[in-house]
Amino acid sequence: MSSKLSREDFRRQKLIEEQRKAGTLPAEVDEEGKAINPHIPHYIAQAPWYLDIGAPTLRHQRAPNSDSIAESKEDDWYARGARTGPPPKKYRKGACENCGAMSHKTKECMERPRRIKARFSGTNLAADEVVGTDRGSVGFEAKRDRWNGYNAGDFQRLVEEGEMIEAERKKIREQKVREKLEGGIGGELASDSEDDEEKYADQADMPGQKLDTKTRTTVRNLRIREDTAKYLLNLDLNSAYYDPKTRSMRDNPLPDSDAVAAGVGYGGDNFVRWTGDAVKMTEQQMFAWQAAERGKEVLMAANPTLGEQMFKEFQKRKEIVKDSQRSSILEKYGGEEHLNAPPKELLMSQTEQYVEYSQAGRLIKGQEKAHAKSKYEEDVFPLNHTSIWGSYWKDGKWGYACCHATYRNAYCMGRPKAEEPATTSVPATNATEDSRSTSKSLLEQHVEGLGKGKNSVGASSSTTSNSHKRQRLGEGDVEIDRKKLKKALAAEEERKRKGLGEKEAGGEVTQEELEAYRMLRTRADDPMEKMAVNASDSD
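Residues numbered from 1 in each chain as written. Predicted model: local features only at pLDDT ≥ 70, side-chain atom pairs only at ≥ 80, totals over all residues. Heavy atoms only, no water.

What about the overall build of the chain?
Right, so step 1: A count of helical and extended segments in the chain gives 17 helices and six strands.
Right, so step 2: Going through the 539 residues of the chain one by one, you find that 12% of them count as buried.
Right, so step 3: Partitioning the contacts of the chain with sequence separation of at least 6, the portion at a separation of at least 24 is 39%.
Right, so step 4: In the structure as shown, the chain presents an accessible area of about 46200 Å², 53% of it carried by carbon and sulfur atoms. (Helix = DSSP H or I, 4+ residues; strand = E, 2+ residues; numbered from the N terminus. Buried < 20%, exposed > 50% of the residue type's maximum accessible area, 1.4 Å probe, protein only. Contact = heavy atoms within 4.5 Å. Areas by Shrake-Rupley, 256 points an atom, 1.4 Å probe, with all protein chains shown as cover.)

Next up, the structure:
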């Protein structure tokens, strides 16, 4: 056990360690002459006190048999798959019961289990394998080395055979070229199109260097020289970002170009990521995560078929639940006729659909509005017109053909009588009258109907006296008989007391009955009603 160092010795030792780490002093050497790394920590390089080595070493950190294992060579391991000799003719005691070899036990036998074991059949016995006597002297990696026992000379024979085949191909190719030249084809070689061999990139000449035009070379990991690099598509500083390390450009470098929409140009790496079944795979993965949160494990990577089937069933159930909720709400609250109404675009000629455009006028977000066949509205008859605006022209002004109005916002009153063609004959049948009435506007027909009603009332009034003029009930100068009014009041009170209904529709209401009804009618908004009731009670 080393004694405790003084302060000066400890400072001197620290200085030496710093110099060794800096490389100004050589590293420590153990008893075997091997250098010790000065950067190894003290708790690893310093041996425990009970070993009492007394010299710098790392032997306490090595395995007990590490030296003998490290000195083992490749030849120490057995030859893989080799046999010691011919197979035996008789089963030996202690051999494998399945194949009859003495080199392994029955549990370790790698041969297919026989229907009748070699122990009982005694025929077709297997020879013993070559097993090394010093298997314990090799390390963990040497025991599991795949190439242990491999002879590199075997591969050299394959290389020589490949070179011989390539030399024969070259001779045949030169012979074909010689035959073509002798046939009179000249310098135009057909072998360039017939030779479809592909060579590796390390054997092909780089672009711009020496290149043999007689041989066709294909280098798959190089970009075609005619293709434009991603970072050269748009030289604007505010365009899509290009990452030189991964050679990726996420956004579209040409957002205002029509080539991407047509599928010709480059639209960025994100455009490729969201094409095909990428969106469907993302939805299935989201479904798997949501199912895992609910306690049902769905592994899309382990069993994608089951995951896709469960996702389809989930979509079907979701649609069924959505339809059932919709039908139940419609049954409870109604309003199905509003769902079957035409679109708002057709009703109000406007919509609340959000559409966003760029500075160049291209669509960024939303659905683009469909182009109309004409920029003018067709077959629109506003303000009671029966013809469109512009169907009539006179004195350099446009107008409506139905009423000859030359103002755009004019209401249709029919064609003026001054402009109607004069008729000398009177129509003889009702059919001509009906056709003429249909040609008139709605306002003319309405005014004409009111005029006919007044004429009929005037004709009937001429036959009767002025005291029996037809007028609305309860209007004008009304003469009421006191006796009839008294009887009408009594009948109205009797009707209210018994709770009878209104008078039959066949009977005619007189002025006295209407006055009695108005006198006895209760008004809830009358502020004097309560005072009248209190006065009657006090009397």
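Some words on the nonpolar core
Right, so step 1: Core analysis: the biggest nonpolar cluster contains seven residues, these being F287, A288, A291, V298, M300, M310 and F311.
Right, so step 2: When residues of this core are assigned to their parent elements, the largest contribution, three residues, is made by helix α9 (residues 278-293).
Right, so step 3: Apart from residues no more than four positions distant in its own chain, V298 is found in contact with A288, A291, G307 and M310.
Right, so step 4: Of all hydrophobic cores here, the second largest spans six residues; its members include Y400, C402, C403 and C412. (Core = buried A, V, L, I, M, F, W, Y, C linked by side-chain atoms within 4.5 Å.)

Things to note about the packing of aromatic side chains
Right, so step 1: Inspection of every chain in the model, using the stated rule, returns six aromatic pairs.
Right, so step 2: Relative to Y50, the ring of W49 lies with its centre 5.8 Å away and its plane at 80°, an arrangement referred to as edge-to-face.
Right, so step 3: Judged by relative accessible area, Y50 falls into the exposed class, the value being 57%.
Right, so step 4: Aromatic pair Y231 and Y242: ring centres 5.1 Å apart, planes at 55°, arrangement tilted. Taken together, the residues Y231 in the loop between α7 (191-194) and β1 (242-243) and Y242 in strand β1 connect sequence positions eleven residues apart.
Right, so step 5: Aromatic rings pair up to connect F287, F311 and F314 into one cluster. (Phe/Tyr/Trp six-rings, centres within 6.5 Å; stacked < 30°, edge-to-face > 60°.)

Digging into helix α10 (residues 304-333)
Right, so step 1: Here α10 spans 43 Å end to end across 30 residues, near enough to the 44 Å set by a 1.5 Å rise per residue.
Right, so step 2: Tucked inside the fold, the buried residues of α10 contact α9 and α11 (336-339). (Expected span 1.5 Å × (residues − 1).)

A closer look at the pattern of salt bridges
Right, so step 1: Evaluated as defined, the whole model comprises 14 salt bridges.
Right, so step 2: Note that R114 and E111 form a salt bridge whose closest N and O atoms lie 3.0 Å from each other.
Right, so step 3: With relative accessibility at 35%, the residue E111 sits in the partly exposed group.
Right, so step 4: In this structure, E308 engages K280 in a salt bridge whose closest nitrogen and oxygen atoms are separated by 3.4 Å. With a gap of 28 residues between them, E308 in helix α10 and K280 in helix α9 connect regions that are remote in the sequence.
Right, so step 5: The class of E308 is partly exposed, set by a relative accessible area of 28%.
Right, so step 6: Its relative accessible area of 38% is what places K280 among the partly exposed residues.
Right, so step 7: Taken together, the salt bridges that share partners define one network made up of K280, E308 and K312. (Salt bridge = Lys/Arg side-chain N within 4 Å of Asp/Glu carboxyl O.)

Notes on the layout of surface pockets
Right, so step 1: Counted as a void, the largest pocket has a volume near 1100 Å³.
Right, so step 2: Taken together, 32 residues form the lining of the largest pocket, with Q13, E28, H42, A45 and Q46 sitting closest to its centre.
Right, so step 3: Of all the elements in the fold, those that place two or more residues in the lining of the largest pocket are α1 (7-22) and α2 (42-45).
Right, so step 4: Here the lining of the largest pocket gets eight residues from one element, more than from any other, and that element is α1.
Right, so step 5: Per-class residue counts for the lining of the largest pocket are 15 nonpolar, nine polar and eight charged. (1 Å grid on protein atoms, 1.4 Å probe; cavity = no way out; pocket = protein on both sides within 12 Å on 5 of 7 lines; lining within 4 Å. Points joined across faces, edges and corners; volume = space filled by probe spheres on them. Nonpolar A, V, L, I, M, F, W, Y, C, P; charged D, E, K, R; others polar.)

Concerning unusual backbone geometry
Right, so step 1: Positive phi values are uncommon outside glycine, yet N384 reaches one of about 65°.
Right, so step 2: A positive phi angle is found at D395, which is not glycine, with a value near 55°.
Right, so step 3: If you trace the backbone, D395 turns up in the loop between β5 (392-394) and β6 (397-399).
Right, so step 4: On the basis of relative accessibility, which here comes to 69%, the residue D395 falls in the exposed class.

A look at a nonpolar patch on the surface
Right, so step 1: A cluster of nonpolar side chains, contributed by W49, Y50, L51 and I53, occupies part of the molecular surface with about 480 Å² of accessible area.
Right, so step 2: On the secondary structure map, I53 appears in the loop between α2 and α3 (66-70).
Right, so step 3: Looking at I53, the relative accessible area reads 37%, which means it is partly exposed. (Patch = residues over 30% accessible without salt bridge, like charges linked within 9 Å, V, L, I, M, F, W, Y side chains within 5 Å.)

Considering the confidence of the model for the chain
Right, so step 1: Per-residue pLDDT for the chain averages 76, and the proportion of residues at 70 or more is 67%.
Right, so step 2: Confidence scores differ between elements of the chain, with α7 showing the lowest mean pLDDT of 46 and helix α4 (residues 118-121) the highest of 94.
Right, so step 3: Per-residue pLDDT stays below 50 along residues 217-221; that stretch engages in eight contacts with residues further than four places along the chain or on separate chains.
Right, so step 4: Contacts from residues 422-438, a stretch scored under 50 in pLDDT, to residues over four places away or in other chains number five contacts. (pLDDT = per-residue confidence, 0-100.)

Observations regarding the packing of helix α15 (residues 482-498) against helix α16 (residues 511-520)
Right, so step 1: The geometry of α15 relative to α16 is characterised by a closest axis approach of 8 Å and an angle of 55° between their N-to-C directions. It follows that α15 is oblique to α16 by the angle criterion. By crossing handedness, the relation of α15 to α16 is classed as right-handed. Residue-level inspection shows K484, L485, A488, L489, E492, E493, R495 and K496 of α15 in contact with α16, the latter providing E512, E513, E515, A516, Y517, M519 and L520.
Right, so step 2: Among the residues forming the contact of α15 with α16, the class breakdown is seven nonpolar, no polar and eight charged. (Axes fitted to C-alpha atoms, helices over the stretch in contact; angles between N-to-C directions. Parallel < 35°, antiparallel > 145°, perpendicular 65-115°, else oblique. Left-handed = near helix turned anticlockwise from the far one by under 90°.)

Overview of the environment of E17
Right, so step 1: In this fold, E17 is placed in helix α1.
Right, so step 2: The spacing of E17 and A27 is ten residues in sequence and 9.1 Å in space, taken between C-alpha atoms.

What to know about the side chain of E17
Right, so step 1: No salt bridge forms around the buried E17; measuring N to O, its nearest opposite-charge neighbour K14 is 4.1 Å away.
Right, so step 2: Polar side-chain contacts of E17 include one of 2.9 Å to the side chain of H42. (Lys, Arg positive; Asp, Glu negative; His and termini not counted. Polar contact = N/O pair within 3.5 Å; in protein donor to acceptor, adjacent residues only side chain to side chain.)

Section: the state of the cysteines
Right, so step 1: Enumeration over the complete set of coordinates arrives at zero disulfides.
Right, so step 2: Considering cysteine sulfurs only, C99 is the nearest to C96, which forms no disulfide, with 3.8 Å between them.
Right, so step 3: Cysteine C403 remains unbridged, with the sulfur of C402 as its closest cysteine sulfur at 4.1 Å. (Disulfide = S-S within 2.5 Å.)

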